[in-house]
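One-letter residues, chain by chain:
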Amino acid sequence: MRRRVLGLIAAVVLAVLGAGVHAAQADVDTATCKATGGKVQYDSSTGLWTCVGGERDGEAVV
């Protein structure tokens, strides 16, 4: 029983840390897009955030 609880706790912690890494990465790309004169917009046809304008025009924000 203890192993199951510890396994569940470990899985939740890893999932939270993994989501935090992606969010931090997206902030870096958003800042880069804005710093080069662009704006971040959501494209509903592709389901992606993209940089519009500036040096990174048309690139996906990951």
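See above for the structure.
Residues numbered from 1 in each chain as written. Predicted model: local features only at pLDDT ≥ 70, side-chain atom pairs only at ≥ 80, totals over all residues. Heavy atoms only, no water.

Thoughts on the environment of Asp-57
Locating Asp-57 in the fold gives a position in the loop between strand 2 (48–52) and strand 3 (60–61). Spatially, the C-alpha atoms of Asp-57 and Cys-33 are 8.1 Å apart, while their sequence positions differ by 24 residues. Beyond its immediate sequence surroundings of up to four residues, Asp-57 is in contact with Cys-51 and Val-52. A distance of 2.7 Å separates a polar atom in the side chain of Asp-57 from the backbone nitrogen of Gly-53. (Helix = DSSP H or I, 4+ residues; strand = E, 2+ residues; numbered from the N terminus. Contact = heavy atoms within 4.5 Å. Polar contact = N/O pair within 3.5 Å; in protein donor to acceptor, adjacent residues only side chain to side chain.)

Describing the sheet that holds strand 3
One open sheet accounts for three strands, arranged 1-2-3; its pairing is antiparallel. Each edge of the open sheet carries a strand with a single partner, namely strand 1 (39–43) and strand 3. As paired strands, strand 2 and strand 3 are joined by two bridges and run antiparallel to one another. Among the inter-strand pairings, Trp-49 is bridged to a residue of strand 3, identified as Val-61. (Pairing = 2+ DSSP bridges.)

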